[in-house]
Amino acid sequence: MTPIPSFDELLRKQELDREEIKVLLAAEGPEKGRLLRRGLEVKLAHLDNCVHLRGLIEFGNVCEKNCLYCGLRSGNGRVERYCLSDDEVLSCARLAHELGYGSVALQSGERSYPEFIARIERLVREIKKIDNGSLGITLSLGEQTEETYRRWFEAGAHRYLLRIESSDEELYYRIHPRNATHDFHRRVDCLEALKRTGYQTGTGVMVGLPFQTLEHLAADLLFFKRMDVAMVGLGPYIPHPDTPLYKFKDLIPSAPERMDMTLKMIAVLRLMMPEINMVAATANQTIDPQGREKAISAGANVIMPNLTPGEYRESYFIYPDKACVKDRPDQCQTCLDIRLAAIGHKILYNAWGDSKAFTEKHRG
Ligand code: SAM
Ligand code: SF4
């Protein structure tokens, strides 16, 4: 029989199985500290201490879906709906360029009617014209047909984020309605389609969902590895009072526990996939004032500062008390520079900040 590796031996492994991942995710006290430090060490060995920025443009909050956890769900009548004009989107993108962010991320509720698809295609082309294509473009616009993904890719978008939310089909249907618009297999197919199209494809999950176990979280990490994605975004689940999942809020771990588990997930994933891009999600900052820095110190390397015009930010009400809702972009930047310097990191300005895992694989 093969002897069970010690905790410190697990920290040196890249190919971890489900049981080994569970041991790492269960770490507490000094072992947890060693895991998080190892996440940072592996990141610094394979990447560097640079943080990449994506200026986040929350394009609109109208959504055709009804995910049970999200404030933007179509069934929520208590949110004021908005959609940015073309001019507003383009001025956010120009601001990202002026601030030296290097990339923008366009995110919105899911919409799939032809005018929306054509509009995104046109906006991507316009953003590409800013300073001769100097801005990288990430999209996060939900499930679309392969043809739509291809049109947006050919227009100039090159990264796409579509969280699987949970890689366990049963848990997926506890947090989504079980119907044709919320089909687990379609979501997986979309990730495959994005990869085939040529995007740097990103996925991720919420951590601390009702009914979620260590088993589910370990399976999520193995799913990211099996899908061989280029980017992952992990963030704590934050209960929203105007959503159906809110009634289970007493079943979930406390905010510090959800934060802690998110950090452990980031660190373990960094051991397993050392060269991918990993986002320090705003949700981290929402439940812990140091949340983004802690995520960067556990192995994440991307931050998405909000560029959405102030008057719309509060309507992009995914979950309550979202961090930085009131900050101006220039304040946000100074604040980030200082906060990152304090933890030995720096922002890499004026660069797309592509995933090394992706660029190495697709090199010549
Ligand atoms: N509509 C697109 C989609 O679903 O892929 C993009 C926008 S959606 C608001 C972006 C992400 O917000 C989702 O992938 C989900 O993980 C996250 N989110 C939604 N509700 C949340 C909540 N209550 N707590 C934490 N994250 C949440
Ligand atoms: Fe819509 Fe995305 Fe929210 Fe689901 S998570 S309701 S698709 S905005």
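The structure under discussion appears in the preceding block.
So, a few notes on the structure that sits alongside this text.

Each value, and the rule that gives it
Residues numbered from 1 in each chain as written. Chains lettered and ligands numbered in written order. Predicted model: local features only at pLDDT ≥ 70, side-chain atom pairs only at ≥ 80, totals over all residues. Heavy atoms only, no water. Helix = DSSP H or I, 4+ residues; strand = E, 2+ residues; numbered from the N terminus. Rg over C-alpha atoms; globule rule 2.2 N^0.38 Å. Buried < 20%, exposed > 50% of the residue type's maximum accessible area, 1.4 Å probe, protein only. Areas by Shrake-Rupley, 256 points an atom, 1.4 Å probe, with all protein chains shown as cover. Lys, Arg positive; Asp, Glu negative; His and termini not counted. Charge placed at Lys NZ, Arg CZ, Asp CG, Glu CD. Salt bridge = Lys/Arg side-chain N within 4 Å of Asp/Glu carboxyl O. Core = buried A, V, L, I, M, F, W, Y, C linked by side-chain atoms within 4.5 Å. Contact = heavy atoms within 4.5 Å. Expected span 1.5 Å × (residues − 1). Pairing = 2+ DSSP bridges. Right-handed = clockwise from strand over helix to strand, strands pointing away.

### Let's talk about the overall build of the protein chain
- Each helix and strand in the protein chain was counted, giving 15 helices and 11 strands.
- Its C-alpha atoms give the protein chain a radius of gyration of 19 Å, near enough to 21 Å, the size a compact globule of 364 residues would have.
- Judged by the C-alpha coordinates and their principal axes, the protein chain covers about 60 × 40 × 40 Å.
- Looking at the protein chain as a whole, 59% of its 364 residues qualify as buried.
- Surface exposure of the protein chain reaches about 14900 Å², of which carbon and sulfur atoms provide 52%.
- Between the centroid of the 49 positive side chains of the protein chain and the centroid of its 51 negative side chains there is a distance of 1 Å.

### So, the pattern of salt bridges
- Following the criterion strictly, the structure yields 29 salt bridges and no others.
- A salt bridge links Lys22 to Glu215, with the nearest nitrogen and oxygen atoms 2.7 Å apart. Placement of the pair is Lys22 in helix α2 (residues 18–25) and Glu215 in helix α9 (residues 214–227), with a sequence separation of 193 residues.
- Residue Lys22 is classed as buried on the basis of its relative accessible area, which comes to 19%.
- With a relative accessible area of 33%, Glu215 lands in the partly exposed category.
- The closest approach of N and O atoms between Lys356 and Glu275, which form a salt bridge, is 3.6 Å. One end of the pair, Lys356, is in helix α15 (residues 356–361); the other, Glu275, is in the loop between α10 (255–272) and β9 (277–280), and 81 residues separate them in sequence.
- Note on Lys356: relative accessible area 27%, which makes it partly exposed.
- Salt bridges sharing common partners tie together Lys65, Glu110, Glu143, Glu165, Arg186 and Arg187.

### Some points on the nonpolar core
- Core analysis: the largest hydrophobic core is formed by 101 residues, its most contacted members being Leu139 and Phe224.
- The biggest single contributor to this core is α10, with 10 residues.
- Each residue touching Leu139, except ones within four places of it in the same chain, is listed here: Leu106, Ile120, Val124, Trp152, Ala157, Arg159, Tyr160, Leu161 and Tyr199.
- One finds Ala105, Val279, Val302 and Phe358 within the second-largest nonpolar core, a separate group that totals 9 residues.

### With respect to α9
- Taking 1.5 Å of rise per residue, the 14 residues of α9 would be expected to cover 20 Å, and the 20 Å separating its terminal C-alpha atoms lies within 8% of that figure.
- The complete set of buried residues in α9 reads His216, Leu217, Ala218, Ala219, Asp220, Leu221, Phe223, Phe224 and Met227.

### Comments concerning the pairing of strand β3 (residues 103–108)
- For β3, the tally of buried residues reaches 6 of 6 residues, placing the bulk of the element in the interior.
- Pairing of strand β2 (residues 55–60) with β3 involves 5 bridges; the strand directions are parallel. Bridge assignment links Gly60 to a residue of β3, and that residue is Ser108.
- Of the pairings in the sheet, the one linking β3 to strand β4 (residues 136–140) comprises 5 bridges and is parallel in character. Bridge assignment links Leu106 to a residue of β4, and that residue is Leu139.
- After leaving β3, the chain enters helix α5 (residues 114–129) and then returns to the sheet as β4, a path that is right-handed.

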